[in-house]
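Residue-level structural notes
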Amino acid sequence: MGKVPAIVPVSDLRDDAANVLDRVKKSHEPVVITQRGRATAVIISIEEYERSEHERDILRLLAQGEKEVAAGRGRDLEDVLGEADRILAK
């Protein structure tokens with residue numbers, strides 16, 4: 001079972017945004033923002049956002065590769081590894 005995320009009502013965010021942002025930055029954990037008792041948004045640190053986008057880029061490339069292999073197309077291993085190195089170096 002995963003860790004329960006911090007939950008902050010939008011009114012608290014409005015009243016003390018700096019504190020909420022500081023908590024996100026220090027903990028690297030997401031904060032769920034609620035409005036009228038329902039989750040409406042999630043705040044994450046910029047580091048977590050960048051990591052997530054980086055992982056998404058890698059997953060897109062893997063999915064593209066699987067489609068190409070299934071269609072009988074492909075690329076040289078050296079090209080694929082070079083592109084992977086460029087992505088991982090970000």
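Preceding block: the structure.
Now for a quick tour of the structure.

1. Comments concerning the packing of helix H3 (residues 46-70) against helix H4 (residues 77-88)
Between H3 and H4, the least distance of the axes is 10 Å, while the angle of their chain directions is 165 degrees. The angle between H3 and H4 places the two elements in the roughly antiparallel class. Seen from above, H3 lies across H4 with right-handed handedness. Along its contact with H3, which presents His54, Ile58 and Leu61, the element H4 presents Glu83, Ile87 and Leu88.

2. Some thoughts on the nonpolar core
Core analysis: the largest hydrophobic core is formed by 7 residues, namely Val8, Leu13, Val20, Val24, Val31, Ile33 and Ile43. Mapped onto this core, the elements with two or more residues apiece are helix H2 (17-27) and strand E2 (31-35). Ignoring any residue separated from it by four or fewer positions in sequence, one finds Val20 in contact with Val8, Leu13, Val31 and Ile43.

3. Considering the layout of surface pockets
Think of a ball as big as a water molecule: rolled over the atoms, this probe shows where empty space is left. Taken as a whole, the largest pocket spans an internal volume of roughly 330 Å³. Leu61, Leu62, Gly65, Arg75 and Val80 are, among the 14 residues lining the largest pocket, the residues nearest its centre. Taken together, the elements giving at least two residues each to the lining of the largest pocket come down to H3 and H4. The class makeup of the residues in the lining of the largest pocket is 8 nonpolar, 3 polar and 3 charged.

4. Digging into the pattern of salt bridges
In total, this model carries 5 salt bridges according to the counting rule given. Between Glu55 and Arg51 there is a salt bridge, with its nearest N and O atoms 2.8 Å apart. Here the residue Glu55 and the residue Arg51 both occupy positions in helix H3, the gap between them amounting to 4 residues, near one helical turn. Given the relative accessible area of 39%, Glu55 is considered partly exposed. For Arg51, a relative accessible area of 40% puts it in the partly exposed group. One salt-bridge network, in which partners are shared between bridges, spans Glu48, Arg51 and Glu55.

Reading guide: rules and limits
Residues numbered from 1 in each chain as written. Predicted model: local features only at pLDDT ≥ 70, side-chain atom pairs only at ≥ 80, totals over all residues. Heavy atoms only, no water. Axes fitted to C-alpha atoms, helices over the stretch in contact; angles between N-to-C directions. Helix = DSSP H or I, 4+ residues; strand = E, 2+ residues; numbered from the N terminus. Parallel < 35°, antiparallel > 145°, perpendicular 65-115°, else oblique. Left-handed = near helix turned anticlockwise from the far one by under 90°. Contact = heavy atoms within 4.5 Å. Core = buried A, V, L, I, M, F, W, Y, C linked by side-chain atoms within 4.5 Å. Buried < 20%, exposed > 50% of the residue type's maximum accessible area, 1.4 Å probe, protein only. 1 Å grid on protein atoms, 1.4 Å probe; cavity = no way out; pocket = protein on both sides within 12 Å on 5 of 7 lines; lining within 4 Å. Points joined across faces, edges and corners; volume = space filled by probe spheres on them. Nonpolar A, V, L, I, M, F, W, Y, C, P; charged D, E, K, R; others polar. Salt bridge = Lys/Arg side-chain N within 4 Å of Asp/Glu carboxyl O.

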